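So you can see what is in the structure, the chains are spelled out below.
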Amino acid sequence: MNAQNMNAQNTNTSAPVTVIGLGLMGSALAGALLDRGHPTTVWNRTPQKAKPLADRGARVAVSAGDAVAASGLVLVCVLDYDALRTVLDPVAEAGGLAGKALVNLTSGAPEQAVAMAAWATSHGAGYLDGGIMTTPPGVGDPRMMFLYSGSEAVFETHRPALTALGDPLYLGAEPGLASLYDSALLGLMWATFTGWLHGTALVTADGTTATDFTGVALRWLNGAVSGFLTTYAPQVDAGHHPGDDATIDVQIAAIGHLIHAAQARGIDNSLPELLKATMERAAAAGHGSDSYASVIEVLRGGATRR
């Protein structure tokens, strides 16, 4: 794809797009593109899944090769990387990927994304890996993040189409970054959900409603907790964790109160006991007078930072 064609496509906010894979997420992707006026070609190994999109104006391809040929931008969202290669290998061997922009929104490991980028490049395609930070109902909402890494040229050229899906965030040229961020952010989400549920179980045991507690919890997360993260990030980058807010030793004492209150109300304490044990490991490693950010040294387990 030459620079002139790329620039022309960059100004076209209704460029044609192909979507391969029509599960719940793939169908949501295609629907968002149709809603934003993009001529959309779809294909799925089970043709019946394409009918609702065809009723909305999508063109249904007769084969994966036909689907790829229909558009310069090809989005793929299938079950896994094995399914991805099963679909695209015959197309690539026939030369069908040459000159195409391939955006892979299939979930997988960072190492799989790196290998896929090399494979796509070897077949003449520009490659962008993506992480979808929402569920299907959130696709098309400009508040929802879509993470991308890989070819910056593909990202910039096709930004209008990617913006139809959500807020596109380019992380860098390393193809595995989007997948790595995806995994890290999901871990943060699950930890937050479980911490909130533990706290909710605690306060509802004394008659508070989950709704009332959540309003206070959100204020805490959006204010003080987000402030702690902003403070701790440069400490982690510098490898220096001054305990000038609340030390690990102080946190160990505080979590003891949580464990006591939960135990008295019959609440499972697996999560706070795990957190306390992790803090105690940090203290034993000499970080008792450091900030909570020093727990990362225990979590890294002596691993060398890249």
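Throughout, residues of each chain are indexed from 1 in the direction in which the sequence is written. It should be noted that, the model being predicted, local features are given only for residues of pLDDT at least 70 and side-chain atom pairs only at 80 or more, the latter also being counted only at that level, while totals for whole chains, interfaces and linings use all residues. Hydrogen atoms and water are omitted, and side-chain values are computed over all heavy atoms in the structure.

Colleague: Tell me what's going on with the overall build of the protein chain, and back it up with residues and numbers.
Modeller: When helices and strands are tallied, the protein chain shows 13 helices and eight strands. Along the longest, intermediate and shortest principal axes, the C-alpha atoms of the protein chain span 65 × 45 × 35 Å. Exposed residues in this analysis have more than 50% of their type's maximum accessible area, buried residues have under 20%, and partly exposed residues fall in between, with area computed by a 1.4 Å probe over protein chains only. Out of the 306 residues in the protein chain, the part that is buried amounts to 40%. In the protein chain, 63% of the contacts between residues at least 6 apart in sequence involve partners at least 24 apart. Surface accessibility follows the Shrake-Rupley procedure with a 1.4 Å probe radius. Residue values consider only the protein chains on display as shielding. Per element, the accessible surface of the protein chain, about 15,700 Å² overall, is 59% carbon and sulfur. We count a stretch as a helix when DSSP gives it H or I for four or more residues in a row; a strand needs E for two or more, and each element gets its number in order from the N terminus. In what follows, a contact means two residues having at least one pair of non-hydrogen atoms within 4.5 Å.

Colleague: Explain the sheet that holds strand β5 (residues 101-104) to me, using residue names and the numbers behind them.
Modeller: Should DSSP find at least two bridges between two strands, the strands are taken to pair. The sheet built from eight strands is open, its strands ordered β3-β2-β1-β4-β5-β6-β7-β8 with mixed pairing. The open sheet terminates on both sides in strands that have one partner only, identified here as β3 (59-60) and β8 (167-172). Between N-to-C directions, angles cover 0 to 180 degrees, with each direction set by a line fitted to C-alpha atoms, over the stretch in contact for helices. Sheet strands in contact with helix α5 (residues 81-93) are β1 (17-20), β2 (40-43), β4 (73-76), β5 and β6 (126-132), and its direction is about 155° off that of β5. Of the strands in this sheet, β5 and β6 are in contact with helix α6 (residues 110-122), which crosses β6 at around 150°.

Colleague: Please set out the packing of helix α9 (residues 177-204) against helix α10 (residues 210-238) residue by residue, giving values where relevant.
Modeller: Between α9 and α10, the shortest axis-to-axis distance is 10 Å and the interhelical angle comes to 135°. As far as their axial angle goes, α10 and α9 are oblique. The handedness of the crossing between α9 and α10 is right-handed. In this structure, α9 uses T192, W196, G199, T200, V203 and T204 to contact α10, whose residues at the interface are A210, F213, T214, A217 and L221. Any angle between 65 and 115 degrees counts as roughly perpendicular, while under 35 counts as roughly parallel, over 145 as roughly antiparallel, and the rest as oblique. Definitions for this section: a left-handed crossing has its near helix turned counterclockwise from the far helix by less than a right angle. A right-handed crossing has that turn clockwise.

Keep in mind these values describe shape, not function.
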